[in-house]
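Inside the fold
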Amino acid sequence: MTMVARFQGPVPPFSGWEHGLYRLSQPVTEEDVEAILDGQEECVQSIGPYRTIGIHTFGLVEITVIVGSPEIEAWSNPEQRFWTSEYLDALLSTRF
């Protein structure tokens, strides 16, 4: 079994944003990343040998994925909690 990097210490992208860690039914693939990005720009970082991708979505949520990990990290604007929850649920249900 391969060990997959974990998310590093949570630091909010904006002051006051709320943190969530979501367990997925399968590990994130490159194809999942492309589908989630849907033409948006990505911010790629590395955690050891793993590719970490930050996805900014319209000021509602910032998602971080590690290709090969069965989890995603999401930061959301608490003032938009209702929209963020619905958006994130819809986004994840299309892939996982």
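A few points on the structure. (Residues numbered from 1 in each chain as written. Predicted model: local features only at pLDDT ≥ 70, side-chain atom pairs only at ≥ 80, totals over all residues. Heavy atoms only, no water.)

Quick word on the overall build of the chain
What counts here: A run of H or I in DSSP becomes a helix once it reaches four residues, and a run of E becomes a strand once it reaches two; helices and strands are each numbered from the N terminus. Burial classification: accessible surface area is computed with a 1.4 Å probe over protein chains only, and a residue below 20% of its type maximum counts as buried, one above 50% as exposed, and the rest as partly exposed. In what follows, a contact means two residues having at least one pair of non-hydrogen atoms within 4.5 Å.
Counting its secondary structure elements, the chain contains two helices and five strands. Order of helices (α) and strands (β) in the chain, N terminus to C terminus: β-α-β-β-β-β-α. Here the chain holds 96 residues, and the buried ones make up 38% of them. In the chain, the share of contacts with a sequence separation of at least 24, taken over all contacts with a separation of at least 6, comes to 59%.

So, the packing of aromatic side chains
Filter applied, for reference: Stacked, tilted and edge-to-face are the three classes assigned to paired rings of Phe, Tyr and Trp, where Trp is represented by its six-membered ring and a pair needs centres within 6.5 Å; plane angles under 30 degrees give stacked, over 60 edge-to-face, the rest tilted.
Taken as a whole, this structure holds two aromatic pairs when the rule is applied. Considering the side-chain rings of F14 and W17, the 4.8 Å spacing of their centres and the 50° angle between planes classify their relative orientation as tilted. Residue classification places F14 among the partly exposed positions, given a relative accessible area of 46%.

Regarding the pattern of salt bridges
Basically, it comes down to this: Here, a salt bridge means any Lys or Arg side-chain nitrogen found within 4 Å of an Asp or Glu carboxyl oxygen.
Taken as a whole, this structure holds one salt bridge when the rule is applied. In this structure, the salt-bridge partner of R81 is E18, at a minimum N-O distance of 2.4 Å. Taken as a pair, R81 in helix α2 (residues 81-93) and E18 in strand β1 (residues 18-23) lie far apart in primary sequence, 63 residues in all. What makes R81 partly exposed here is its relative accessible area of 48%.

Digging into the nonpolar core
Put simply, the rule is: The term nonpolar core refers to a set of buried residues drawn from Ala, Val, Leu, Ile, Met, Phe, Trp, Tyr and Cys, joined through side-chain atoms within 4.5 Å.
One finds V33, I63, V65 and I72 to be the most contacted residues of the largest nonpolar core, which totals 16 residues. Of all elements in the fold, only α1 (30-37), β3 (50-57), β4 (61-66), β5 (71-76) and α2 reach the threshold of two or more residues within this core.

Considerations on the pairing of β5
Rules: Pairing between two strands requires that DSSP report at least two bridges joining them.
Among the six residues that make up β5, six are buried, leaving the element largely enclosed by the rest of the structure. Going residue by residue along β5, you find E71, E73 and W75 tucked away on one face and I72, A74 and S76 tucked away on the opposite face as well. With six bridges joining them, β1 and β5 adopt antiparallel strand pairing. Across the sheet, the residue bridging to R23 is E71, located in β5. Where β4 and β5 come together, five bridges link them in antiparallel fashion. Across the sheet, the residue bridging to I63 is A74, located in β5. Remark: four residues form the turn of the hairpin made by β4 and β5, two consecutive strands paired antiparallel; G68 in that turn has positive phi of roughly 100°.

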